[in-house]
Structure formats: structure tokens, C-alpha cells
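So you can see what is in the structure, the chains are spelled out below.
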Amino acid sequence: MTFDFSNRVVLVTGASRGIGRAIAGQFAAAGAVVVAGARGANAADTVAAITAAGGRAEAVALEVTDPVSVQAAVDGLLARHGRLDVLVNNAGITRDQLLMRMKRDDWDAVLATNLTGTFTMTQAVLKPMLKQRAGRIICVTSVVGQMGNAGQANYAASKAGIIGFVKSLAREVASRSITVNAVAPGLIETDMTRAMTEDAHAEWASKIPLGRLGAPADIASAVTFLASDAASYITGQVLAVNGGMYS
């Protein structure tokens, strides 16, 4: 199935690499105008790759933990394009440690970026979407937010919080034809997983029924589906993309 996002404006946070870059690329390939958000100038390479492939994209400096930065980015986007059709909340960080050794700063940083950042971004785009009486909001959560993982209590809490956030907001905005959904990736081939030893990589793959780690494109495909017209009757849901490792 192919999707047409011609003349739709899509904002992707955490778009500098990995899953975020793949999401931005898939939307652009489907015809969207992509606004790639990241800290500083970190999204420049993503935009260069998209434009080199013939797509339309622009980079915007965005710090999701800073409400002023978020509002400025959204206001600028609306001034340039006049609308926003899709928000993808993808920005996230990890600060892994066993809870008994976890520093409060590491707890606060992960919750601020992953959960409060999702709140801040979403609140900033709601007014224009409500005015349009249309919109798609997709939040990237994690299999860890569903099943937990030792050493990631802060990350799991933030990602589980996103699931509750999505389910609640979906009920608030459904009457305005705005859908709100989440995608929950499993273990995905990114810079972090590529740094694992060969044995660790094989051990994790053995726990996944499909026998392999996912690719960023697998997540991007799920996100573009939920943003498409084909998913217009889906809201408040969590789409698990984890190779069968958790259901």
C-alpha cells in the first residue's frame, strides 16, 4: 500500500537520525512537506538527504523541553505553511541505570524529554489542528513502556506515560476529526544497537520470534500508515512493531 501526502505538512521531532530520520524520509517520499525538528542544526543532514532525493523538507531548531523553543518552532511553521497536518512525537533520550543507583537528574531528564516534551509539543499544535478540524498525532513509545526492562525504570515510565497520554487525548479531540495514536517499537537497528557486541546482538535477536532486529523503516511505515487516510477510523491505539517479542 502506498500513501499520498501531497501538500500535507508534517512535523517530526528527533529527526536527526535513526527512527526520526526514517520517518521524515518516508513522509517526504510520499509527497509531504517535512519539517525536521532537532536540537540546533542536527536535522540538517536529514533535510539534505531528503532534498537530494527530490523531496521537500526544512530543518527547524527545536528543544522539546523548552516551551519557548517549541512555540517558536510551531509559530514559524504556521507562518510559512499556513497549516500543520501531522505531528510525530519521536524525540527521546535514555539514561539507563538500576533504580537503586539512578540519579534524580537522570530520572528528571528522561521524563522531561520523553513525556513532558510530548505534552509540550502536542499542546502547541492542538489549536491549529482544532481550527482545521483535522490532524494526525503519532507518538513513538516503546515495547519497554509495555513490558518493562531492568535498568530502564525512567525510560519505561516515560514511555508508559505516553500510552496513557495518547489514549486520553484521543478522546478529547476525536470530535474534531483529529486522531491520536502511538507506535511501540521493539529492538531496532540504530546507532545504539549497532554498538552492541556480536554475542549480545545475537542473544537479543534470539528472543524475537521473527529472528531479527527491526529496521527504522519498519517503524516509519507504521507511522505513515497511522497518519494516512487509510487509518482515519483508528484512534487511541498502540501499534506494536516488535517482531513478536511482546504482545
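Residues numbered from 1 in each chain as written. Predicted model: local features only at pLDDT ≥ 70, side-chain atom pairs only at ≥ 80, totals over all residues. Heavy atoms only, no water.

## A closer look at the overall build of the protein
Per the secondary structure count, the protein includes nine helices and seven strands. For 247 residues, the compact-globule estimate of 2.2 N^0.38 gives 18 Å, and the protein sits close to it at 17 Å. Seen through its principal axes, the protein has C-alpha atoms that stretch 50 × 35 × 35 Å. Counting across all 247 residues of the protein, residues that qualify as buried make up 48%. The long-range share in the protein, meaning contacts at least 24 apart out of those at least 6 apart in sequence, stands at 72%. Computed over 22 positive and 19 negative side-chain charges, the inter-centroid distance for the protein is 7 Å. (Helix = DSSP H or I, 4+ residues; strand = E, 2+ residues; numbered from the N terminus. Rg over C-alpha atoms; globule rule 2.2 N^0.38 Å. Buried < 20%, exposed > 50% of the residue type's maximum accessible area, 1.4 Å probe, protein only. Contact = heavy atoms within 4.5 Å. Lys, Arg positive; Asp, Glu negative; His and termini not counted. Charge placed at Lys NZ, Arg CZ, Asp CG, Glu CD.)

## Some thoughts on unusual backbone geometry
If you check the backbone angles, Asn-7 has positive phi at about 65 degrees while not being a glycine. Relative to the helices and strands, Asn-7 resides in the segment before β1 (9–12). Although it is not a glycine, Ser-177 adopts a positive phi angle of roughly 60 degrees. You can see Ser-177 is positioned in the loop between α6 (153–173) and β6 (178–185).

## Concerning the pairing of strand β2 (residues 33–38)
Of all six residues making up β2, six are buried, and the element is well covered by its neighbours. Neither face of β2 is exposed, since Val-33, Val-35 and Gly-37 on one face and Val-34, Ala-36 and Ala-38 on the opposite face are all buried. Two strands pair when backbone bridges link them, and β1 and β2 are joined in this way by four bridges, in the parallel orientation. Looking across to β2, one finds that Val-12 is bridged to Ala-36. Of the strand pairs in this sheet, β2 and strand β3 (residues 56–61) are connected by six bridges, and their pairing is parallel. Across the sheet, the residue bridging to Ala-36 is Ala-59, located in β3. (Pairing = 2+ DSSP bridges.)

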